[in-house]
Amino acid sequence: MAGGVFIAFLLSSLANALIAVLALLMGAPDDFDPLEPPAYVFLTALGVLAGAVGWGIVRRASPNPERLLRRLVPSVVVISFVPDFFQFGEGGATGVAALLIMHVAVAVIAVRAYRRVMPLE
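Residues numbered from 1 in each chain as written. Predicted model: local features only at pLDDT ≥ 70, side-chain atom pairs only at ≥ 80, totals over all residues. Heavy atoms only, no water.

Draft legend 1. Structural context of a nonpolar patch on the surface. On the surface, F6, I7, L10, L11 and L14 cluster together into a nonpolar patch covering about 480 Å² of accessible area. Inspection of the secondary structure puts L14 in helix 1 (residues 2-25). (Patch = residues over 30% accessible without salt bridge, like charges linked within 9 Å, V, L, I, M, F, W, Y side chains within 5 Å. Areas by Shrake-Rupley, 256 points an atom, 1.4 Å probe, with all protein chains shown as cover. Salt bridge = Lys/Arg side-chain N within 4 Å of Asp/Glu carboxyl O. Helix = DSSP H or I, 4+ residues; strand = E, 2+ residues; numbered from the N terminus.)

Draft legend 2. Broad picture of helix 1. The end-to-end C-alpha distance of helix 1 is 34 Å, a good match for the 34 Å that 24 residues give at a rise of 1.5 Å each. Turning to helix 1, its buried residues number three or more, namely G4, V5, A8, F9, S12, S13, A15, N16, I19, A20 and A23. Looking at the buried side of helix 1, the elements it contacts are helix 2 (37-61) and helix 4 (88-117). Just past helix 1, the residue G27 takes up positive phi, approximately 115°. (Expected span 1.5 Å × (residues − 1). Buried < 20%, exposed > 50% of the residue type's maximum accessible area, 1.4 Å probe, protein only. Contact = heavy atoms within 4.5 Å.)

Draft legend 3. Here's a closer look at the packing of aromatic side chains. Taken as a whole and judged by the stated rule, the model has 3 aromatic pairs. Ring centres of F6 and F9 lie 6.1 Å apart, and the angle between their planes is 45°; this geometry places the pair in the tilted category. Here F9 and F6 lie together in helix 1, a separation of 3 residues that amounts to about one turn. F6 gets classed as partly exposed once you look at its relative accessible area, which sits at 47%. The exposure class of F9 is buried, given its relative accessible area of 18%. With a centroid separation of 5.5 Å and 50° between ring planes, the pair formed by W55 and Y114 is classed as tilted. Residue W55 is found in helix 2, and its partner Y114 is found in helix 4; the two are separated by 59 residues along the sequence. Among the residues examined, W55 registers a relative accessible area of 2% and is labelled buried. (Phe/Tyr/Trp six-rings, centres within 6.5 Å; stacked < 30°, edge-to-face > 60°.)

See the structure below:
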């Protein structure tokens, strides 16, 4: 399991690096800290680990984990957007859009990994 979660972290970090570079090329402020590797790599690790813990809990505790996760995962991703909206002053629309896309990218990659290493059936 740990290997799959680590792979999810690596792939998510690479995706976020690409998103950050593209956002900077598209006009996000150069000094927007959330688009710096130390910030997004750390938060990616936290997100992937928290997701794995949550996935494992739902997998064991729910009588229908598939159904619950189909609702829970998108809800958690949307809730995770909230702090990003407070970054408009520093990151502008491009920087904030990049952060939102990063959340979605991490969720997509992590869920695929969790399904593989912690199957629901």
